[in-house]
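Residue-level listing of the chains:
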Amino acid sequence: MTSFTVLGASGFVGSHLVQHLQREGHDCFAPAKGVDISARNLGHVIYCIGLTADFRTKPYETINAHVCCLVDALTRYKFDSFVYLSSTRVYGVREDIAHEEDVIHSQPLVPGDLYNISKIMGEAACFAAGEDNVRVARLSNVYGYDSQSENFIFSLIRDALKKKRIVLNTTMDSGRDHVSVHDVVRILPQIALKGKHRIYNIASGENI
């Protein structure tokens, strides 16, 4: 039996990941927020703490989740491997397929770039550890069932069910890469256990 610890287990990806690991028969530890877990070996840690749709209204909470809490975990916790969930959003707007080694551009004066900058800083903190067992998984737009989600796909479904109409505040030629949460939670443990690289993109590779 393999031991996993999911930090941020109450969130969208985290909760689905816990369910998946339990179905697969793994020992899964999902500590509550604020509990001191520094004394135990956490096994394979997957860091799911983060903000998504509400980062613009909670800038300091976003930085705390993506950077400060992460640094605390990296420096205080004992683990066999560590996977930090970042985002393919760090690549910015582009039409071609992004690759892990691509140069990333962000502008601190642009409020919308706060998310990207905090994720990049989190990645840098992971790499500063200098350990091969600390890895980054950049997720594209993850979809799946989450009745409370403000993410794009589920907000459309909720509007269709409740309001009987959908309003798209975007251009008709815009597109996003979407990946199922079920594929994400299947891949993350493999990166934790067998990963050979520092950064992994988890995406479909096609904009819809």
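Small disclaimer: the values here were computed from a predicted structure and weren't measured.

**Student:** Explanation requested: the packing of aromatic side chains in the structure shown.
**Tutor:** When we look at a pair of aromatic rings, we describe it by the centre distance and by the angle of the planes. In total, this model carries four aromatic pairs according to the counting rule given. Measuring from ring centre to ring centre gives 5.7 Å for Y47 and Y84, while their planes differ by 45°; the resulting arrangement is tilted. Placement of the pair is Y47 in strand β3 (residues 44-47) and Y84 in strand β4 (residues 81-87), with a sequence separation of 37 residues. Across the pair, Y84 and Y47 agree in class, each one buried. Relative to Y115, the ring of F55 has its centre 5.2 Å away and its plane inclined at 50°; by these criteria the two rings are tilted. Here F55 is found in the loop between β3 and α2 (59-76), whereas its partner Y115 is found in helix α3 (residues 114-128), with 60 residues between them in sequence. Among the aromatic residues, those joined into a ring-pair cluster are Y47, F79, F82 and Y84. When the ring centre of F29 is taken as origin, the NZ or CZ atom of R40, which lies over that ring, is 3.9 Å away.

**Student:** Would you mind showing me how to read helix α5 (residues 181-194) here?
**Tutor:** Two residues of an α-helix separated by three or four positions point the same way, owing to the 3.6 residues in each turn. For α5, spanning 14 residues, the distance from its first C-alpha to its last is 20 Å, which sits close to the expected 20 Å at 1.5 Å a residue. Among all positions of α5, only V181, V184, V185, L188, P189, I191 and A192 are buried. Down the axis of α5, the sector holding all buried residues measures 155°, keeping them to one side. Facing away from the buried surface of α5 by more than 90 degrees, the exposed residues are H182 and K194.

**Student:** Looking at this structure, I do not really get the sheet that holds β4. What am I missing?
**Tutor:** Spatial strand order, β2-β1-β3-β4-β5-β8: six strands in an open sheet with parallel pairing. Looking at which strands have only one partner, the edges of the open sheet turn out to be β2 (27-29) and β8 (199-202). Mean inter-strand twist for the sheet, computed between neighbouring axes without regard to direction, equals 20°. Summarising the sheet, strand β1 (residues 3-7) and β3 pair through four bridges and their orientation is parallel. Looking at the pairing, T5 lines up with V45 of β3. Helix-sheet contacts for helix α1 (residues 12-23) involve β1, β2, β3, β4 and β5 (134-139), and the interaxial angle to β1 is about 165°.

**Student:** Looking at this structure, how should I read α3?
**Tutor:** Over its 15 residues, α3 extends 21 Å from the first C-alpha to the last, a length consistent with the 21 Å expected when each residue adds 1.5 Å. The set of residues buried in α3 consists of Y115, N116, S118, K119, G122, E123, A125 and C126. Buried residues along α3 sit against α2, β4, β5 and β8. Residue G130 follows α3 closely and has a positive phi angle near 70°.

**Student:** How should I be thinking about the pairing of β1 in this particular structure?
**Tutor:** For a regular strand, side chains alternate in direction, first toward one face of the sheet and then toward the other. Burial of β1 is extensive: four of the five residues sit out of reach of the surface. As paired strands, β1 and β2 are joined by three bridges and run parallel to one another. Among the inter-strand pairings, T5 is bridged to a residue of β2, identified as F29. You can see the chain leave β1, run along α1 and come back into β2, and the turn it takes is right-handed.

**Student:** Any chance you could explain the environment of F82 here in plain terms?
**Tutor:** Along the polypeptide, F82 turns up in strand β4. Remark: the alpha-carbon pair of F82 and R176, spanning 94 residues in sequence, is separated by 28 Å. The contact partners of F82, leaving out residues within four places of it in the chain, are V45, Y47, L70, A73, L74, N133, V134 and R135.

**Student:** Just to check I follow, could you spell out the environment of S180 for this structure?
**Tutor:** Mapped onto the elements, S180 comes out in strand β7 (residues 178-180). Overall, S180 belongs to the buried group, its relative accessible area being 11%. Along the backbone, S180 and V142 are 38 residues apart, and their C-alpha atoms lie at a distance of 5.6 Å. With residues up to four places along the chain from it excluded, the contact list for S180 reads V142 and Y143. A polar atom in the side chain of S180 sits 3.1 Å from the backbone nitrogen of H182.

What counts and what doesn't
Residues numbered from 1 in each chain as written. Predicted model: local features only at pLDDT ≥ 70, side-chain atom pairs only at ≥ 80, totals over all residues. Heavy atoms only, no water. Phe/Tyr/Trp six-rings, centres within 6.5 Å; stacked < 30°, edge-to-face > 60°. Helix = DSSP H or I, 4+ residues; strand = E, 2+ residues; numbered from the N terminus. Buried < 20%, exposed > 50% of the residue type's maximum accessible area, 1.4 Å probe, protein only. Lys NZ or Arg CZ within 6 Å of the ring centre and 35° of its normal. Expected span 1.5 Å × (residues − 1). Arc of directions from axis to C-beta. Pairing = 2+ DSSP bridges. Axes fitted to C-alpha atoms, helices over the stretch in contact; angles between N-to-C directions. Contact = heavy atoms within 4.5 Å. Right-handed = clockwise from strand over helix to strand, strands pointing away. Polar contact = N/O pair within 3.5 Å; in protein donor to acceptor, adjacent residues only side chain to side chain.

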